[in-house]
Amino acid sequence: MTNTTHFGYKTVAEDEKVREVAKVFHSVAAKYDIMNDVMSAGLHRLWKTFTIAHAGVRPGFKCLDIAGGTGDLAKVFAKQAGPSGEVWLTDINESMLRVGRDRLLNRGLLTPTLLCDAEKLPFPDNYFDRVSVAFGLRNMTHKDVALKEMRRVLKPGGKLLVLEFSKVAEPLQKPYDIYSFKVLPWMGQKIAGDAESYRYLAESIRMHPDQETLKSMMEEAGLERVQYYNLTAGVAALHTGIKL
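Residues numbered from 1 in each chain as written. Predicted model: local features only at pLDDT ≥ 70, side-chain atom pairs only at ≥ 80, totals over all residues. Heavy atoms only, no water.

For the protein, the helix and strand inventory stands at 9 helices and 9 strands. Along the three orthogonal principal directions, the C-alpha set of the protein runs to about 45 × 40 × 40 Å. Considering the protein as a whole, with its 244 residues, one finds that 52% of them fall into the buried category. Nonlocal contacts in the protein, meaning residues at least 24 apart in sequence, comprise 68% of its contacts between residues at least 6 apart. Within the structure as shown, the protein displays about 11,300 Å² of accessible surface, and the carbon and sulfur contribution to it stands at 55%. (Helix = DSSP H or I, 4+ residues; strand = E, 2+ residues; numbered from the N terminus. Buried < 20%, exposed > 50% of the residue type's maximum accessible area, 1.4 Å probe, protein only. Contact = heavy atoms within 4.5 Å. Areas by Shrake-Rupley, 256 points an atom, 1.4 Å probe, with all protein chains shown as cover.)

A few words now on the environment of Phe77. In this structure, Phe77 sits in helix 4 (residues 72-81). A relative accessible area of 1% means that Phe77 is categorised as buried. In sequence terms Phe77 and Val57 are 20 residues apart; their C-alpha atoms lie 6.5 Å from each other. Contacts of Phe77, omitting those with residues within four sequence positions, involve Ile52, Ala55, Val57, Cys63, Val87 and Ser132.

Attention shifts here to the packing of aromatic side chains. Under the defined criterion, the tally for this structure stands at 8 aromatic pairs. Between Trp47 and Phe135, the ring centres sit 6.1 Å apart and the planes meet at 50°, which makes this aromatic pair tilted. A residue pair is termed long-range when its members are at least 10 positions apart, and Trp47 in helix 3 (residues 43-55) and Phe135 in the loop between strand 6 (128-134) and helix 6 (143-153) qualify at 88 residues. Assigned by exposure class, Trp47 and Phe135 land together as buried. When the centroid spacing of 4.7 Å and the interplanar angle of 40° are considered together, the rings of Phe135 and Phe165 count as tilted. Here Phe135, found in the loop between strand 6 and helix 6, pairs with Phe165, found in strand 7 (residues 154-165); they are 30 residues apart in sequence, far enough to count as distant. Here Phe135 and Phe165 have matching classes, each one buried. (Phe/Tyr/Trp six-rings, centres within 6.5 Å; stacked < 30°, edge-to-face > 60°.)

Moving on, we get to the pairing of strand 2 (residues 10-13). Where strand 1 (residues 4-7) meets strand 2, 4 bridges bridge the pair, whose relative direction is antiparallel. Each bridged residue has a counterpart across the sheet, and for His6 the counterpart in strand 2 is Thr11. Hairpin geometry of strand 1 and strand 2 is characterised by an intervening segment of 2 residues between the two adjacent antiparallel strands and by a positive phi of about 65° at Gly8. (Pairing = 2+ DSSP bridges.)

Here we come to helix 5 (residues 94-106). Compared with an ideal rise of 1.5 Å per residue, which puts 13 residues at 18 Å, helix 5 spans 18 Å between its outermost C-alpha atoms and is within 8% of the ideal. All buried positions along helix 5 are accounted for by Met96, Leu97, Gly100, Arg103 and Leu104. End-on view of helix 5: buried residues confined to an arc of 125°, all on one side of the axis. Packed against the buried residues of helix 5 are helix 1 (14-28), helix 2 (32-40), helix 4, strand 4 (86-91) and strand 5 (113-115). At the exit of helix 5 stands Gly108, carrying a positive phi of roughly 75°. (Expected span 1.5 Å × (residues − 1). Arc of directions from axis to C-beta.)

Within the UniProt annotation, "binding site: S-adenosyl-L-methionine" (unreviewed entry) is assigned to Thr70, Asp91, Asp117 and Ala118. Mapped onto the fold, Thr70 is located in the loop between strand 3 (62-66) and helix 4. With sequence-adjacent residues up to four places away left out, Thr70 is seen in contact with Tyr32, Asp33, Met96, Val99, Gly100 and Arg103. Along the chain, Ala118 turns up in the loop between strand 5 and strand 6. Dropping the residues within four chain positions of it, Ala118 is found in contact with Ile66, Met140, Ala146 and Glu149. (UniProt positions renumbered as here; feature names shortened; annotations may be inferred.)

Now for the packing of helix 2 against helix 3. Packing of helix 2 against helix 3 leaves a shortest axis separation of 7 Å and a crossing angle of 100°. When the axes of helix 2 and helix 3 are compared, the pair comes out roughly perpendicular. Taken together, the residues of helix 3 that come into contact with helix 2 (itself represented by Asn36, Asp37 and Ser40) are Leu43, His44, Arg45 and Lys48. Its residues assigned to classes, the contact of helix 2 with helix 3 shows 1 nonpolar, 3 polar and 3 charged. (Axes fitted to C-alpha atoms, helices over the stretch in contact; angles between N-to-C directions. Parallel < 35°, antiparallel > 145°, perpendicular 65-115°, else oblique. Nonpolar A, V, L, I, M, F, W, Y, C, P; charged D, E, K, R; others polar.)

So, about helix 1. End to end, helix 1 covers 22 Å across 15 residues, agreeing with the expected 21 Å (1.5 Å per residue, within 8%). Among all positions in helix 1, only Glu14, Lys17, Glu20, Val21, Val24, Phe25 and Val28 are buried. One side of helix 1 holds all its buried residues, which, seen down the axis, span an arc of 130°.

So this is what it looks like as structure tokens:
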């Protein structure tokens, strides 16, 4: 029998989800940064700055940015790690990776980029000082497998950082739902010419594990000292864990 999973609120075959997620990001890649700025009122940049601060990348570090898209984290990590470091920008979606690669090159950053699946990372055990994934985990079919892979490639003492949309505080739930299901698709249509991809975004956020559940999943993947920080009343959350 074919295994099934969620694509937003729909139940689909696992291989169909991979294709559908790919279509979403092929569609939005060109306007991805503009839409992020508009739909979050620029807050995504503050969330990423918070994540970068908690990463604490130092010269010589080896870093892996998974589902790195347009390269916001990899760009800063590459500068912080310096010429003695090694920063990989990876994504499963070729359109997103091309945008990120070009942005890095335009800034004079010659850092490696790689098309790869987070559930099957092509890196050796105990290789990276830091692994990050920002707004990519919720699109992965087998999140538990991906988290174990992220832990596997971390060095002992290395840190995983997961920045993702999460469960918003209860008093904000109703206005957040109106914004997510009415305003976001409208903006997606007006700016990116694609309402459906942003309707999927709203649904995928609701289907993603909440803060405590993701914390437990990271612990089950073998990470220690797992903690999370709610950002903007839980609209997003940063989870961190250490490989000991």
